[in-house]
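# Summary of the model geometry
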Amino acid sequence: MFFKTFTKEEQSWIMYDWANSVFATIMVAAVFPVFFVAMAGGENTPGSAWWGWGTSIARLILGIAAPIIGAILDYRGYKKKLFVTFVSLGVLFTLLLSVQTSWQTLLLGYILANMFWSAGNFIYDSYLPDVTTKERMDRVSAWGYAWGYIGGSTIPFIVSIFLLLFGGNFGVDQDLAVRISIVMTAVWWGVFSIPMIRDVRHKYGVDAPQKGFMSQTLKNVINTARKITKNKGMFIFIIAYFFYIDGVGTIINMATAYGSELGLDAAGMIGALFVTQIVAFPFSMLFGKLAKLMNPINLISGAIGVYLVICLMGFFMGFGLEMAWFDESTAIFIFWALAFLVGTVQGGIQAISRSTFGRLVPPENSGEYFGFFEIYGRFSTILGPFLYATILSVTGRPSISILSTIFIFLIGLTILLAGREHLKLN
């Protein structure tokens, strides 16, 4: 297998990023949102508003459940079972989306698929202390995101783009092309999950209680919450993460919906997002290397700075179109520039955040702690899409809606910089 410098468990763990990233690209960021917004658009409520609310609902449900799931993960024998269950359900509901015909059932199916995809991802994240050492976490985490972008995000994406642009020559219209892409997403995700399921083991854990399983689990959740609030460094980091990862998630989930609302050409946007995947591969690995040379907090802060520039450019693009300062071709050029900038930081900020938190938690309680890491991450991704959707429905101005993301990034950056003296990483 490739990357010979990694152990078999590290390789198989990295491979799951290759497996699940196809969902992030085709279902969350590029192909499916454009398809859904076109179907769900109406006079009273724009399709991108429904998309934002649907995304928020999926994250809300998982955010509520995450700490309890996380506490159960630390019991020996449960982590792998829950991982297989959530991945299987996610693959199943994704596959079922390929045969839905109304936008309401598409939205419901997407909420369920997104919820189980996210649940599988947070269990996957919690395996990081099991598969590697603290010294190697930054590198392993960064390589996971890198190979997710170049494999799961890119190879199926190329096929999808080909079908959307040239499928008509072979009797495949756009509706069928999207449905084929959905089936491909489910199959790719399921097949490439096998190495993770087969090779990765839960090494650090505690024995499940013989009596009072749920009551003891809830006690563990409360105890973990208390430990996090008492640990200044961990508490500051997780609060900062709540805000800045919201901005990241909002851009991932709303980019093509935003562009569609502005009237940008779907093919042009999808092509731009392909650039994001290509650029993200080397930059994700670069972040892993830079983490050895500089403080990870500096890396995260720098990435947030790039995202602030992206948000300002996104506002300018939308406002310029609304005011007729320039035409669609200029806006597409800006969209491509934004896609390139996103690629330079998207994988890196997520990878370094994951490994930084992994270095802050005790490995035997990684499930519990990553459950709270997940609740902050998922609840934050509720905030951004919800604000976008609500502001858009009130103002009817996509450019105004995107401004909320700037303030969310600024809050996260301020907390991170103000509390950095407490962030002591081993």
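Here the structure is shown first, and the text comes after it.
The following refers to the structure shown.

Calculation criteria
- Residues numbered from 1 in each chain as written.
- Predicted model: local features only at pLDDT ≥ 70, side-chain atom pairs only at ≥ 80, totals over all residues.
- Heavy atoms only, no water.
- Helix = DSSP H or I, 4+ residues; strand = E, 2+ residues; numbered from the N terminus.
- Buried < 20%, exposed > 50% of the residue type's maximum accessible area, 1.4 Å probe, protein only.
- Contact = heavy atoms within 4.5 Å.
- Core = buried A, V, L, I, M, F, W, Y, C linked by side-chain atoms within 4.5 Å.
- Patch = residues over 30% accessible without salt bridge, like charges linked within 9 Å, V, L, I, M, F, W, Y side chains within 5 Å.
- Areas by Shrake-Rupley, 256 points an atom, 1.4 Å probe, with all protein chains shown as cover.
- Salt bridge = Lys/Arg side-chain N within 4 Å of Asp/Glu carboxyl O.

We now examine the overall build of the protein. Along its length, the protein carries 17 helices and zero strands. Residue burial in the protein is summarised as follows: out of 426 residues, 59% are buried. Pairs at least 24 residues apart make up 84% of the contacts formed inside the protein by residues separated by at least 6 positions.

The next thing to look at is the nonpolar core. Grouped together as the largest cluster of nonpolar side chains are 123 residues, with contacts concentrated most on W13, F32 and Y244. Sequence-distant contacts of W13, defined by excluding residues within four places in its chain, comprise Y124, Y127, L128, V131, V140, S141, M196, V200 and R354. Counting residues in hydrophobic clusters, the runner-up holds five residues, among them Y145, Y149, A280 and A351.

Note that G148 resides in helix α7 (residues 137-152). Sequence separation of G148 and S21 is 127 residues, and the distance between their C-alpha atoms is 5.4 Å.

With that settled, the discussion passes to a nonpolar patch on the surface. Residues L95, V183, V187, V191 and I194 make up a contiguous nonpolar surface patch of about 380 Å² in total accessible area. A per-element tally of the nonpolar patch places helix α9 (residues 174-191) first, with three residues. The residue V183 is located in helix α9 in this model. Overall, the relative accessible area of 33% leaves V183 in the partly exposed class.

By themselves, these figures tell us nothing about what the structure is for.
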